[in-house]
Amino acid sequence: MDLNEREQVISINVWLRLSWNDCRMQWNVSDYEDIDHFSVPYDAVWMPDITVYDSASDEVMMPGKEDYKATIYYDGTVFYNFPTVLKSICRVDVTYFPFDTQKCSLKFGSWSHNGLEIDVINAYDEADLSYYVEHNEWKLTGMPSVRHVLYYACCPEPYPDITFYINIRRKSQFYVMTVLFPCILTSVVAMLSFILPAESGEKVSLGITVLLSLAVFLLLVSESMPASSDSFPYIGMYFAVSMVLVSLSCTMTVIVLMFHSRGCSGRKIPSWAKRIFIEKIGRLVCSRSEKYVLNKEQDLETPVEMAVNGNSNNKVRSEKPTEQTPNFVTNHSTMDMYLRTKDPLVKLMRTQSIILERVETSLNKNNSVNNVEDEWHQLARVLDRVFLFLYVVISVITSCVFLGIMASNS
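The notes below deal with the structure included here. It should be emphasised that the depicted structure is a prediction, and the values quoted were computed from it without experimental measurement. By convention here, each chain's residues receive numbers from 1 onward along its written sequence. pLDDT decides what is reported in this predicted model: residues at 70 or higher carry local features, side-chain atom pairs at 80 or more are listed and counted, and totals for whole chains, interfaces and linings draw on all residues regardless. Excluding hydrogens and water, the side-chain figures rest on all heavy atoms present in the structure.

Here we look at the nonpolar core
Convention followed: Nonpolar cores were defined as sets of buried Ala, Val, Leu, Ile, Met, Phe, Trp, Tyr and Cys residues, with membership established by side-chain atoms within 4.5 Å. Burial status follows relative accessibility: with a 1.4 Å probe on protein chains alone, a residue under 20% of its type maximum counts as buried, one over 50% as exposed, and anything between as partly exposed. Counting from the N terminus, the helices are DSSP H or I runs at least four residues long and the strands are E runs at least two residues long. Two residues qualify as a contact provided that any one of their heavy atoms is within 4.5 Å of a heavy atom in the partner residue.
Judged by nonpolar contacts, the single largest core of 71 residues is most densely connected at Leu3, Leu86, Phe108, Ile166, Ile235 and Phe239. A per-element tally of this core places helix H8 (residues 344–409) first, with nine residues. Each residue touching phenylalanine 108, except ones within four places of it in the same chain, is listed here: Leu16, Ile50, Thr51, Val52, Met62, Leu86, Asp161, Ile162 and Phe164.

Some details on the side chain of threonine 77
To be explicit about the condition: Whenever two N or O atoms come within 3.5 Å, that pair is a polar contact, provided that in protein one can donate a hydrogen and the other can accept it, and provided that, for residues adjacent in sequence, both atoms are side-chain atoms.
Mapping threonine 77 onto the fold places it in strand S6 (residues 75–89). Residue class for threonine 77 comes out buried when judged on its relative accessible area of 18%. A polar contact is formed between the side chain of threonine 77 and the side chain of aspartate 75, at a distance of 3.2 Å.

Here we look at the sheet that holds strand S1 (residues 2–4)
The cut-off we apply is this: A strand pair is defined by DSSP finding two or more bridges across the two strands. Lines fitted to C-alpha atoms define the axes, with helix axes restricted to the stretch in contact, and inter-axis angles between N-to-C directions lie between 0 and 180 degrees.
As summarised here, the arrangement of the five strands in space is S1-S2-S6-S5-S3, forming an open sheet in which the pairing is antiparallel. What marks the edges here is a single partner per strand, and that holds for S1 and strand S3 (37–40). The mean angle between the axes of side-by-side strands here comes to 35 degrees, regardless of whether they run parallel or antiparallel. Here three bridges tie S1 to strand S2 (residues 9–26), and the two strands are oriented antiparallel to one another. Note on S2: the bridge partner recorded for aspartate 2 is serine 11.

Some points on the pattern of salt bridges
Put simply, the test is: By convention in these notes, a salt bridge is any Lys or Arg side-chain nitrogen within 4 Å of a carboxyl oxygen on Asp or Glu.
According to the stated counting rule, one finds nine salt bridges in the structure shown. Arginine 170 serves as the salt-bridge partner of glutamate 5, at 2.8 Å between the closest nitrogen and oxygen. Of this pair, glutamate 5 sits in the loop between S1 and S2 while arginine 170 is found in strand S10 (residues 159–170), placing the two residues 165 residues apart along the sequence. For the pair glutamate 5 and arginine 170, a shared accessibility class is recorded, and that class is buried. The partner of aspartate 119 in a salt bridge is arginine 147, with the nearest N and O atoms 2.7 Å apart. Residue aspartate 119 is located in the loop between strand S7 (101–110) and strand S8 (138–142), and its partner arginine 147 is located in strand S9 (residues 145–150); the two are separated by 28 residues in the primary sequence. Its relative accessible area of 36% is what places arginine 147 among the partly exposed residues. Connected through shared salt-bridge partners, Glu5, Asp100, Glu137 and Arg170 make up one network.

In structure tokens form, the structure reads like this:
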């Protein structure tokens, strides 16, 4: 009827069939109008005190035992058959949940009489499963019966018993679709945090959401499992490992965001990091930016020339910020003569020249900052791709190992 894994108690509805021979209950059929059997109440005939040794019932051990009648035959054979609900202790091992199999036992025997007074024998080697009603969660694979003769410390006499072993296997389809499959799907969703662009600002929140989802699944599984330190289900270990991986993915995401925002300070990326991560590892993980390659080949940008006052001798070039060279005006040039005059046009040309130099300096500075930011962004993208590959490989290995172990038991 039910197997309470947390309380480790099995409830089963059985038809108990008892038969014995009473020499005082014999008669000649011809002397009593061919009556060969009759039924009497429970209290009208002697009954053996057969009981369940490992009973877990709170009140009556065998409810309904005294409500039925016994059938007595002319040769002294007495049959007493009655239905009842038994509750017995069953040690549950949930190591391979939800692909686990359990083996519970029902131990019957006399409690007050030893084997020299009452002997018990199993009529068949297996319980009669002809009228068994299929359970919606467990599949009964067999119920063999074995006779044991034990000697207890209290008494020197033997005590025989009949033990029925209930072998059941859990139907795992429900738990696979409601617990295991959502956990695997949630772990797959955690991979999206490495694909999500850093500019979106949702990388860390996605990882935290996945971590909370795994915690909820682990809580659902732990509520139905027995609180035992002897055996912990592999599915719980799988959830715990998945939570560790998602936590590591959040840590990796924080590292990626840290490198992504470091270019705002204007600090240049080290040459060794650029050579190892961007050039070599970036090529391995297929994450090389075309913009970075183009800037590297063109060495920033081409020079720009402007003619001042129709004379192309005065040129403003866009060069590297570290290689700026100021334009000095010598006394021997024609420009020096113009600058020494008081002509307003010359002053205007002088002002324009200063403004162009400032614009050039600002453009070079902005280009330098943008190039530095692009390099840090490229480094962050390479690290994101590397972490993605590591997460995928570790997740696939752990999933195959745990699912293979759990499925091997079935």
